[in-house]
Amino acid sequence: MNEIICPNCDKAFKVDEAGFAAIQKQVRDQEFSKELDERLLAVEREKNTAIQLKESDLKNDFQGQLALKNDEINALKLKSSAELIDEVSKKEERIRALQSQLESAEVKKELELSNAVTSVEKERDQLKNDLRLKDSEKEILEKSLKHQFTNDLIAKDELLKMKDGEIARLQDFKQKQSTKMLGESLEQHCEIEFNKLRATGFQNAYFEKDNDVSGGTKGDYIYKEEDINGNEVMSIMFEMKNENDETASKKKNEDFFAKLDKDRKNKGCEYAILVSLLETDNDFYNTGIVDVSHKYEKMYVIRPQFFIPIITLLRNAGMKSLQYKADLNKVRNQNLDITNFEEKMDAFKTGFARNYELASRQFGNAIAEIDKSISHLNKIKEALTSSERNLRLANDKADDLTIKKLTQGNQTMKEKFEEL
């Protein structure tokens, strides 16, 4: 809310944001109208000044040309009559041409002035139309804001009346019942409110009284809900507390926090909620849903009217949490698949490296054996080559063997061959 001081009575009054914005817009519209009037006056002054300057320029130009003509006429008087008449005729033609040009200039000037005035008048009319449109929009906006403001006031009054009636009903309700009956009625109220929506909104939910005292204590009600796959969405341990205004020992909400937290943990519930009508004058607990998890984990304190809303809020959060968990498991499974793939890849690399090393070693051995065989074959080759050389030498010696050489120095054999 904004506070405004009236300039007439010096009284302060408060308006909401919409009303304040409407007042600001009204001030801006007044300033716009003033600025528009000033701009129109400035345009009118500029138009008159432009017209005066144009007339002055044309008048000075005409007077200058007239003075030049007079000088020419005086100069012509000194010439001969025939030349003077001819010259005068030419000058008159020139004067008529200049007068025609002057008239054309006047017409052009008037046309330009007319166009300028028309343009200014159009701009003025457009500005006036814009101003009227702004005024119309302002009136419509003011009516809309007034209507909305009136409706808001009516709605607020109705809400205040409903709250006052509810407060009066609760006060009367509390005064008529004992402390034990008040507590039982609060439990019945919550159970009835839940059963109204059980068939439509809580088909998979469990909401029953806690009758298990195996942990030493028990809460009032346990709420549990599962999804269609049997996964738990959330669970709540409820405790309902109330007391009569005339009860001698006034309890506080904090007196029940420790027990409620213990019951939540013993029964394996995720949340703990205290539905309370204690401390009715405490604004901290009258604001709505109060988070006290700074003292006890996942614990809330509510008034009865917020019984269904907090279940809905926590259930929506639980559904989102399940979705996040499902997405996380999917990512984890993907990471596991990647890990298995990487492990298989590493095993393949290791096996391939081992097989490659064995094959490389065997290949080296084979190469060494081949080298040995090549060395052995080279030796055989050398032996064969040497044998071939000896055979060639023997062949050469055989080819070189003749009777003459055989009988040389052997007279007996020479004689026998000669006889043959």
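Calculation rules
- Residues numbered from 1 in each chain as written.
- Predicted model: local features only at pLDDT ≥ 70, side-chain atom pairs only at ≥ 80, totals over all residues.
- Heavy atoms only, no water.
- Helix = DSSP H or I, 4+ residues; strand = E, 2+ residues; numbered from the N terminus.
- Buried < 20%, exposed > 50% of the residue type's maximum accessible area, 1.4 Å probe, protein only.
- Areas by Shrake-Rupley, 256 points an atom, 1.4 Å probe, with all protein chains shown as cover.
- Pairing = 2+ DSSP bridges.
- pLDDT = per-residue confidence, 0-100.
- Contact = heavy atoms within 4.5 Å.
- Polar contact = N/O pair within 3.5 Å; in protein donor to acceptor, adjacent residues only side chain to side chain.
- Salt bridge = Lys/Arg side-chain N within 4 Å of Asp/Glu carboxyl O.
- Phe/Tyr/Trp six-rings, centres within 6.5 Å; stacked < 30°, edge-to-face > 60°.
- Arc of directions from axis to C-beta.
- Core = buried A, V, L, I, M, F, W, Y, C linked by side-chain atoms within 4.5 Å.
- Patch = residues over 30% accessible without salt bridge, like charges linked within 9 Å, V, L, I, M, F, W, Y side chains within 5 Å.

### Quick word on the overall build of the protein chain
Okay, step 1: Summing up its helical and strand segments, the protein chain has eight helices and eight strands in all.
Okay, step 2: Of all 420 residues assigned to the protein chain, the portion counted as buried reaches 22%.
Okay, step 3: Element-wise, carbon and sulfur atoms account for 54% of the exposed surface of the protein chain, whose accessible area totals about 30,500 Å².

### Describing the sheet that holds strand S6 (residues 271-276)
Okay, step 1: The six strands are arranged S3-S4-S5-S6-S8-S7 in an open sheet whose pairing can be described as mixed. The two strands at the open ends of the sheet, each matched to only one other strand, are strand S3 (205-209) and strand S7 (290-291).
Okay, step 2: In this structure, S6 lies alongside strand S8 (residues 299-302), joined through four bridges in parallel fashion. When the bridges of S8 are listed, Ile273 appears paired with Tyr300.

### A short note on the confidence of the model for the protein chain
Okay, step 1: Looking at the protein chain as a whole, its pLDDT mean stands at 76, while 74% of the residues score no less than 70.
Okay, step 2: Ignoring residues within four places in sequence, the model shows residues 176-182, a span with pLDDT below 50, making 12 contacts including any to other chains.

### Considerations on the side chain of Ser235
Okay, step 1: Checked against the element boundaries, Ser235 lands in strand S5 (residues 232-241).
Okay, step 2: Overall, the relative accessible area of 0% leaves Ser235 in the buried class.
Okay, step 3: Within the structure, Ser235 has its side chain in polar contact with the side chain of Glu232 (distance 3.4 Å).
Okay, step 4: At 2.8 Å, the side chain of Ser235 forms a polar contact with the backbone nitrogen of Glu270.
Okay, step 5: Once residues lying within four places of it in the same chain are set aside, the contact partners of Ser235 are Tyr223, Lys224, Gly268, Cys269, Glu270 and Tyr271.

### Re the pairing of S6
Okay, step 1: Burial within S6 is extensive, with six of its six residues counted as buried.
Okay, step 2: Burial of the side chains of S6 extends over both faces: Tyr271, Ile273 and Val275 are buried on one face and Ala272, Leu274 and Ser276 on the other.
Okay, step 3: Sheet topology places S5 next to S6; six bridges connect them, and they run parallel. Counted as the bridge partner of Phe238 is Ile273 from S6.

### Considerations on the pattern of salt bridges
Okay, step 1: Evaluated as defined, the whole model comprises 13 salt bridges.
Okay, step 2: One salt bridge in this structure joins Arg264 and Asp261, with 3.6 Å as the shortest N-O distance. In this pair, Arg264 and Asp261 both sit in helix H4 (residues 257-266), three residues apart, roughly one turn of the helix.
Okay, step 3: Classification of Arg264 as buried rests on a relative accessible area of 7%.
Okay, step 4: Between Glu297 and Arg264 there is a salt bridge, with the nearest N and O atoms lying 3.9 Å from each other. Taken as a pair, Glu297 in the loop between S7 and S8 and Arg264 in helix H4 lie far apart in primary sequence, 33 residues in all.
Okay, step 5: Put simply, Glu239, Lys241, Lys259 and Asp263 are held in one network by salt bridges that share partners.

### Brief notes about the side chain of Asn253
Okay, step 1: Inspection of the secondary structure puts Asn253 in the loop between S5 and H4.
Okay, step 2: In this structure, Asn253 is in contact with Leu274, Ser276, Leu278, Glu279, Tyr285 and Val301, ignoring residues within four places of it in sequence.

### Remarks on the packing of aromatic side chains
Okay, step 1: All chains considered together, the criterion is met by 11 aromatic pairs.
Okay, step 2: Where Phe202 meets Tyr223, the ring centres are 6.3 Å apart and the plane angle is 90°; that geometry is what we call edge-to-face. With Phe202 in the loop between helix H3 (179-201) and S3 and Tyr223 in strand S4 (residues 221-226), the pair connects residues that are 21 residues apart, well separated along the chain. Taken as a pair, Phe202 and Tyr223 share a single burial class, namely buried.
Okay, step 3: Taken together, the aromatic side chains of Phe194, Phe202, Phe207, Tyr221, Tyr223, Phe238 and Phe307 make up a single cluster linked through ring pairs.

### A look at H4
Okay, step 1: Buried within H4 we find Phe257, Leu260, Asp261, Asp263 and Arg264. Taken down its axis, H4 places every buried residue within 160° of arc, on the same side.

### Quick look at the pairing of S5
Okay, step 1: A large share of S5 lies buried, amounting to eight of its 10 residues.
Okay, step 2: With six bridges joining them, S4 and S5 adopt antiparallel strand pairing. Residue Ile222 lies in a different strand from S5, and its bridge partner there is Met237.
Okay, step 3: The hairpin turn running from S4 into S5, its antiparallel successor, is five residues long, and Gly230 in that turn takes a positive phi close to 85°.

### Section: the nonpolar core
Okay, step 1: One finds Tyr223, Ile236, Phe238, Ile273, Val275, Phe307 and Ile311 to be the most contacted residues of the largest nonpolar core, which totals 25 residues.
Okay, step 2: When residues of this core are traced back to their parent elements, those giving at least two are H3, S3, S4, S5, S6, S8 and helix H6 (307-400).
Okay, step 3: The greatest single-element share of this core, amounting to six residues, is contributed by H6.
Okay, step 4: Excluding residues within four positions of it along the chain, Tyr223 makes contact with Phe194, Phe202, Ala205, Tyr206, Phe207, Met234, Ser235, Ile236, Phe238, Ile311 and Arg315.
Okay, step 5: If you look at the next biggest cluster of nonpolar residues, it comprises 12 residues, including Met237, Val290, Val292 and Val301.

### Describing a nonpolar patch on the surface
Okay, step 1: A contiguous nonpolar surface patch, about 290 Å² in accessible area, is contributed by Leu377, Ile380 and Leu384.
Okay, step 2: Its location among the elements puts Leu384 in helix H6.

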